[in-house]
Amino acid sequence: MKKARGASSLLLLRRRNLTSAAPSLQMDCPSSFSPPPPERYSYNPTLRWNPEVEEYFNAAYGADHFARISKSLTHPSSYSCIRVNSLKSTSEAVIKKLIAILNERRLKNAAEGDEVPKEGSFLDSSIRNVIDSRLLQDNDTPIGTSESLSICKCPYPGLDNVVFVKGSGPHMLRYDIQPCQPMKEVIVSRKCAEAVLRGAQVYVPGVLACSSHVEKGDVVAVSIAVEQRMSNGGWGVGFTRGTVLQGLESDPHYHERNGLYIGQGTTSLSRASMFRVSEGIAVEMTDRVYKLPSFYDVLEGEIFLQNLPSIVTAYVLDPREGERILDMCAAPGGKTTAIAILMRDKGEVVATDRSHNKVMDVLKLAAEMDLTCIKAYKLDALKSVQRTNGMMYSEKTDSNNDESDIAAVNSCSSSFSTDVKNNIEMEKCGINATPSETVSNGKSDGRHLSNAAKRKNAPRHRNGPGRNQSLGGRVESSKGFMPNSFDRVLLDAPCSALGLRPRLFAGEETMESLRNHGKYQRRMFDQAVRLVRPGGVIVYSTCTINPGENEALVRYALDKYKFLSLASQHPKIGGPGIVGCCDLFGGKYVEEWLTESESELVQRKISKEQPSVWKECSLHFFHHNKKQFIIFGHRDQVEDNFAGKLTRYPCSDSLLLRSCVRCRMSLIYINAIIAAAEAQNMVLIL
């Protein structure tokens, strides 16, 4: 009886706790814990810039316009862009295969219970059907079924081998928050977070801090530690890797992480293991702010995931079958393989990079796509022109040497027409020569050398694992190429990368570093001018929004090489470039850009779906020495809440409907939702 009465008493006590939940909650919660505001667990980052750099960009774009660009850079694209290997397949065939793969994944996840639609996360199936049918009717392109993500061909004319896969986001997520208990979470580095926003998992090296008592299989929220200004004037996260999180305001960067939550996932390792091992997945993301399908190991050799501006760069180069083309700074090989495919694998594509492992990546990708016309070499872009008669056509950065530079180019051009084939053969012999980095083999001058001395002086092979842990393999080193030995040259120059996205921090760039990037690119460009034959083409591409590395380089090329002039190019999918000049900080920073007529031959693009900053233009020789020079600056695709072309002024909706197919698709999508909702007597609050 006592046991029964005790049980009854216990049951009564529980009922009282339930009926008086509110006061009990207040009494049982620790005094140090207070529920965070709802907006804390959201994704609303702000991109921080160096004050002088921000002033410079405000002068170039206008304050309001640059603020919108800066906001757009913090978000990933809602599209995945896929380039189809047209030598192996077609866009139509790839679309059918991808739809089948994505539907199979969806069914598998549903069977395993991993994909459970949340309230408000998916539209009603009838609404989705209406949307898909409207998109199909208005755009006349294949769209994925309502059971999968929308897949369609690129709407821009001439890009028939490009496929878009539509993702979704940003989503408002529901995090696993328990009453009176701080949520378990993991803080990741800024670079790790940028990769996660593009679809990656959280890997061990990216984890900086973790809540205590986290075990394998726990659900954790993932937040970002963005660099903050330190007391010494530098930037850093301000805490040691392995820090224990308590869920309290005393945690590192607690308030700074408001609005910097990118999703939640399931831990693959315990907290102790995360900071003990050096590699592997730490958190497998199950719910993301942005959801893009993964195409890792999907249709290898048949498709390649690549940003649309990078694809267009290869088209602008306009490679022809049988030509000899140079891709400077070629890694990881996306543009190189795109060029080879446009040439139908007929001709020669020479790819160079100064990193051994990156050259290996190019060769690996070429082999994966079964391309035989690609030859990759280890070579510094600043040493691309081969030494001739003991001298090298070296790059010069001093403006006083402009006349000698031009004389060197003209001298190269005049000799090309009579002996170009011999030059190319001589250059090929130079490529296959013994690399200059090989050390002496220790011949003995008649003296006996011990085995230890022989081992010490033996050549050291530099083909082992490098910084990116690539496996070893032999690559050829080049001593450079003969002048005027290429029909077309692509220079995808190293840059400030201020157009790569998503980007969560930009404070490390200063006006001095931006100026140095421009100087470095001019030196490489000088090499490219000497390598292209008369009548040939140079394409220069960047991944930055910095006018000093784009319009200013065009100005430099036009002023220094008077035989260059602007010309048109195809495809053209953007608006004009930036006009005028910049004079800031009391005359300490002066920069000239383009004239009105020149800007019409340069492309810059911003749209609602992809407010990307693109540039492309072409120049050619006057008179009998004709060379073409094409500029194409590109960025990753951008998603934001505004529409317009980046012409320094946003365009109107009417202009948007005429000029941007993808923006038009967005408006059709919204109208379809409204129409479907009205058909079901639903009210939408927008």
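How each quantity is defined
- Residues numbered from 1 in each chain as written.
- Predicted model: local features only at pLDDT ≥ 70, side-chain atom pairs only at ≥ 80, totals over all residues.
- Heavy atoms only, no water.
- Buried < 20%, exposed > 50% of the residue type's maximum accessible area, 1.4 Å probe, protein only.
- Helix = DSSP H or I, 4+ residues; strand = E, 2+ residues; numbered from the N terminus.
- Contact = heavy atoms within 4.5 Å.
- UniProt positions renumbered as here; feature names shortened; annotations may be inferred.
- pLDDT = per-residue confidence, 0-100.
- Salt bridge = Lys/Arg side-chain N within 4 Å of Asp/Glu carboxyl O.
- Arc of directions from axis to C-beta.
- Pairing = 2+ DSSP bridges.
- Axes fitted to C-alpha atoms, helices over the stretch in contact; angles between N-to-C directions.
- Parallel < 35°, antiparallel > 145°, perpendicular 65-115°, else oblique.
- Left-handed = near helix turned anticlockwise from the far one by under 90°.
- Nonpolar A, V, L, I, M, F, W, Y, C, P; charged D, E, K, R; others polar.
- Phe/Tyr/Trp six-rings, centres within 6.5 Å; stacked < 30°, edge-to-face > 60°.
- Lys NZ or Arg CZ within 6 Å of the ring centre and 35° of its normal.
- Core = buried A, V, L, I, M, F, W, Y, C linked by side-chain atoms within 4.5 Å.

Brief notes about helix 7 (residues 190–197)
Here is step 1 of the chain: Helix 7 sits mainly inside the fold: 6 of its 8 residues count as buried.
Here is step 2 of the chain: Among the residues of helix 7, those classed as buried are R190, C192, A193, E194, V196 and L197.
Here is step 3 of the chain: Packing partners of the buried residues in helix 7 comprise strand 4 (185–189), strand 5 (202–203), strand 7 (219–225), strand 11 (261–267) and strand 12 (281–288).
Here is step 4 of the chain: Positive backbone phi, at 115°, marks G199, one or two positions downstream of helix 7.

Overview of the UniProt feature "active site" (unreviewed entry) in the chain
Here is step 1 of the chain: Per the UniProt record, the feature "active site" (unreviewed entry) sits at C543.
Here is step 2 of the chain: Relative to the assigned elements, C543 resides in the loop between strand 21 (532–541) and helix 15 (551–560).

Thoughts on the UniProt feature "binding site: S-adenosyl-L-methionine" (unreviewed entry) in the chain
Here is step 1 of the chain: In the UniProt entry, the feature "binding site: S-adenosyl-L-methionine" (unreviewed entry) is given for C329, A330, A331, P332, G333, G334, K335, D353, D380 and D492.
Here is step 2 of the chain: Mapped onto the secondary structure, A331 falls in the loop between strand 14 (324–328) and helix 10 (334–342).
Here is step 3 of the chain: Dropping the residues within four chain positions of it, A331 is found in contact with D353, K358 and V362.
Here is step 4 of the chain: Structurally, K335 can be placed in helix 10.
Here is step 5 of the chain: Assessed through its relative accessible area of 9%, K335 is described here as buried.

Remarks on the confidence of the model for the chain
Here is step 1 of the chain: Mean pLDDT over the chain: 74, with 65% of residues reaching 70 or higher.
Here is step 2 of the chain: Across residues 393–400, confidence stays below pLDDT 50; counting only partners more than four residues off in sequence or on other chains, it has 20 contacts.
Here is step 3 of the chain: In this model residues 415–421 is a low-confidence stretch, pLDDT under 50, and it forms 4 contacts with partners more than four residues away in sequence or in other chains.

Some remarks on the pattern of salt bridges
Here is step 1 of the chain: Per the counting criterion, the structure on display carries 18 salt bridges.
Here is step 2 of the chain: Taking the shortest distance from any N to any O, the salt bridge between R320 and D318 comes out at 2.7 Å.
Here is step 3 of the chain: Taken together, the salt bridges that share partners define one network made up of R190, E194 and E227.

Considerations on helix 4 (residues 63–73)
Here is step 1 of the chain: Of all the residues in helix 4, the buried ones are H65, F66, I69, S70, S72 and L73. Around the axis of helix 4, the buried residues are gathered within 160° of arc, so they sit on the same side.

Here's the deal with the sheet that holds strand 13 (residues 303–305)
Here is step 1 of the chain: Across the sheet, 4 strands lie side by side as 2-3-1-13; this open sheet has antiparallel pairing. Each of the sheet's edge strands pairs with one partner strand only, and the pair in question is strand 2 (151–153) and strand 13. Shown here is a sheet whose adjacent strand axes are inclined to one another by a mean of 30°, direction ignored.
Here is step 2 of the chain: Two strands pair when backbone bridges link them, and strand 1 (residues 79–84) and strand 3 (residues 162–166) are joined in this way by 5 bridges, in the antiparallel orientation. When the bridges of strand 3 are listed, C81 appears paired with F164.

Some points on the packing of helix 14 (residues 511–531) against helix 15
Here is step 1 of the chain: Orientation of helix 14 relative to helix 15, taken along the N-to-C sense of each, is 45°, at an axis distance of 11 Å. As judged from the angle between their axes, helix 14 and helix 15 are oblique. Handedness of the crossing formed by helix 14 with helix 15: right-handed. Packed against helix 14, whose contacting residues are Q521, R522, F525 and D526, the element helix 15 presents A552, L553, Y556, A557 and K560 at the interface.
Here is step 2 of the chain: Grouping the constituent residues of the contact of helix 14 with helix 15 by class yields 5 nonpolar, 1 polar and 3 charged.

Here's the deal with unusual backbone geometry
Here is step 1 of the chain: Put simply, G169 and P170 share a cis peptide bond, and its omega is 0°.
Here is step 2 of the chain: Its place among the elements puts P170 in the loop between strand 3 and strand 4.
Here is step 3 of the chain: With an omega of -5°, the peptide bond between H570 and P571 qualifies as cis.
Here is step 4 of the chain: Tracing the backbone through its elements, the reader meets P571 in the loop between strand 22 (566–567) and strand 23 (581–584).
Here is step 5 of the chain: Even without glycine at this site, L299 takes up a positive phi of about 50°.
Here is step 6 of the chain: Examined against the element boundaries, L299 turns out to sit in the loop between strand 12 and strand 13.

Digging into the environment of T286
Here is step 1 of the chain: As for its position among the elements, T286 is in strand 12.
Here is step 2 of the chain: When the C-alpha atoms of T286 and V219 are compared, they prove to be 9.2 Å apart, with 67 residues separating the residues in sequence.
Here is step 3 of the chain: T286 has contacts with Q264, G265 and T266, leaving out every residue within four places of it along the chain.

Focus on the sheet that holds strand 6 (residues 207–211)
Here is step 1 of the chain: Read across the open sheet, the 7 strands follow the order 5-12-11-7-4-6-10; overall the sheet is mixed. The sheet is open, and its two edges are formed by strand 5 and strand 10 (243–245), each paired on a single side.
Here is step 2 of the chain: As paired strands, strand 4 and strand 7 are joined by 5 bridges and run parallel to one another. Bridge assignment links S189 to a residue of strand 7, and that residue is A225.
Here is step 3 of the chain: Strands strand 4, strand 5, strand 7, strand 11 and strand 12 of the sheet are contacted by helix 7, whose axis makes an angle of about 100° with strand 4.

So, the packing of aromatic side chains
Here is step 1 of the chain: In this structure the tally under the stated criterion is 15 aromatic pairs.
Here is step 2 of the chain: Taking the centre distance of 4.8 Å and the plane angle of 70° together, the rings of Y41 and Y261 count as edge-to-face. Taken together, the residues Y41 in the loop between helix 2 (21–28) and helix 3 (51–61) and Y261 in strand 11 connect sequence positions 220 residues apart.
Here is step 3 of the chain: Residue classification places Y41 among the buried positions, given a relative accessible area of 11%.
Here is step 4 of the chain: Taking the relative accessible area as the measure of exposure, Y261 reaches 0% and is therefore buried.
Here is step 5 of the chain: When the centroid spacing of 5.5 Å and the interplanar angle of 80° are considered together, the rings of W49 and F57 count as edge-to-face.
Here is step 6 of the chain: Take W49: its relative accessible area is 9%, and that puts it in the buried class.
Here is step 7 of the chain: Relative accessible area serves as the criterion here: at 0%, F57 is assigned to the buried category.
Here is step 8 of the chain: Among the aromatic residues, those joined into a ring-pair cluster are W49, Y56, F57, Y61, F66 and Y589.
Here is step 9 of the chain: Between the NZ or CZ atom of R40 and the centre of the ring of Y254, over which it lies, the distance is 3.8 Å.
Here is step 10 of the chain: Sitting above the plane of the Y79 ring, K166 keeps its charged end 5.6 Å from the centroid.

Some words on the nonpolar core
Most often, soluble globular proteins keep nonpolar side chains buried together rather than apart.
Here is step 1 of the chain: Ranked by size, the top nonpolar core spans 32 residues in total, and within it Y43, V186, V202, I224, I262 and V283 carry the most contacts.
Here is step 2 of the chain: For V283, the residues in contact, after removing those within four places along its chain, are V186, Q201, V202, V220, V222, G265, T266, T267, S268 and M274.
Here is step 3 of the chain: Listed in part, the 28 residues of the second largest apolar core include F486, V532, I538 and Y556.

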